[in-house]
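# Reading the structure
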Amino acid sequence: MSTDSDILQRSRETPGAFAELFERHARVIGAFAARRVGIDAAEDVLSETFLIAFRRRADFDATWES
């Protein structure tokens, strides 16, 4: 299994690899967002969270595995 760090590093050259992170973490982040902002806004929060993470993936500190 790849670490989050491995996936982020791969996604710098192959942006589609970022989908692995979404698949791995979307359910938990979506559930957290639903508890914090309600079910109606949770999908927007989830989308925005991953959009920002995708755009800033080059800033990730690769010394951390996850």
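Thresholds, definitions, all that
- Residues numbered from 1 in each chain as written.
- Predicted model: local features only at pLDDT ≥ 70, side-chain atom pairs only at ≥ 80, totals over all residues.
- Heavy atoms only, no water.
- Core = buried A, V, L, I, M, F, W, Y, C linked by side-chain atoms within 4.5 Å.
- Buried < 20%, exposed > 50% of the residue type's maximum accessible area, 1.4 Å probe, protein only.
- Helix = DSSP H or I, 4+ residues; strand = E, 2+ residues; numbered from the N terminus.
- Contact = heavy atoms within 4.5 Å.
- Phe/Tyr/Trp six-rings, centres within 6.5 Å; stacked < 30°, edge-to-face > 60°.
- Salt bridge = Lys/Arg side-chain N within 4 Å of Asp/Glu carboxyl O.

## What to know about the nonpolar core
- Listed in full, the 7 residues of the largest apolar core are Ile 7, Leu 8, Phe 18, Leu 21, Ala 26, Leu 46 and Phe 50.
- Elements with a minimum of two residues in this core: helix 1 (4-13), helix 2 (19-37) and helix 3 (39-55).
- Setting aside residues up to four positions removed in sequence, Leu 21 forms contacts with Asp 4, Ile 7, Leu 8, Ala 26 and Phe 50.

## Regarding the packing of aromatic side chains
- Per the counting criterion, the structure on display carries 3 aromatic pairs.
- When the centroid spacing of 5.3 Å and the interplanar angle of 80 degrees are considered together, the rings of Phe 18 and Phe 54 count as edge-to-face. With Phe 18 in the loop between helix 1 and helix 2 and Phe 54 in helix 3, this residue pair connects regions lying 36 residues apart in the sequence.
- Between Phe 22 and Phe 50, the ring centres sit 4.9 Å apart and the planes meet at 70 degrees, which makes this aromatic pair edge-to-face. Note that Phe 22 is positioned in helix 2 and Phe 50 in helix 3, a separation of 28 residues in sequence.
- Residue classification places Phe 50 among the buried residues on the basis of a relative accessible area of 9%.
- Here the aromatic residues Phe 18, Phe 22, Phe 50 and Phe 54 are joined through ring pairs into a cluster of three or more.

## Describing the pattern of salt bridges
- This structure, assessed with the given rule, holds 3 salt bridges.
- For the salt bridge of Arg 24 with Asp 4, the shortest nitrogen-to-oxygen distance reads 2.7 Å. Pair noted here: Arg 24 is in helix 2 and Asp 4 is in helix 1, with a separation of 20 residues, a long-range link.
- For Asp 4, a relative accessible area of 9% puts it in the buried group.
- Where Arg 10 meets Glu 20, a salt bridge forms, and the shortest distance between an N and an O atom there is 2.3 Å. One end of the pair, Arg 10, is in helix 1; the other, Glu 20, is in helix 2, with 10 residues separating them in the sequence.
- Judged by its relative accessible area of 34%, Arg 10 is partly exposed.
- Judged by relative accessible area, Glu 20 falls into the partly exposed class, the value being 32%.

In short, the description is geometric, and any link to function would need to be established separately.
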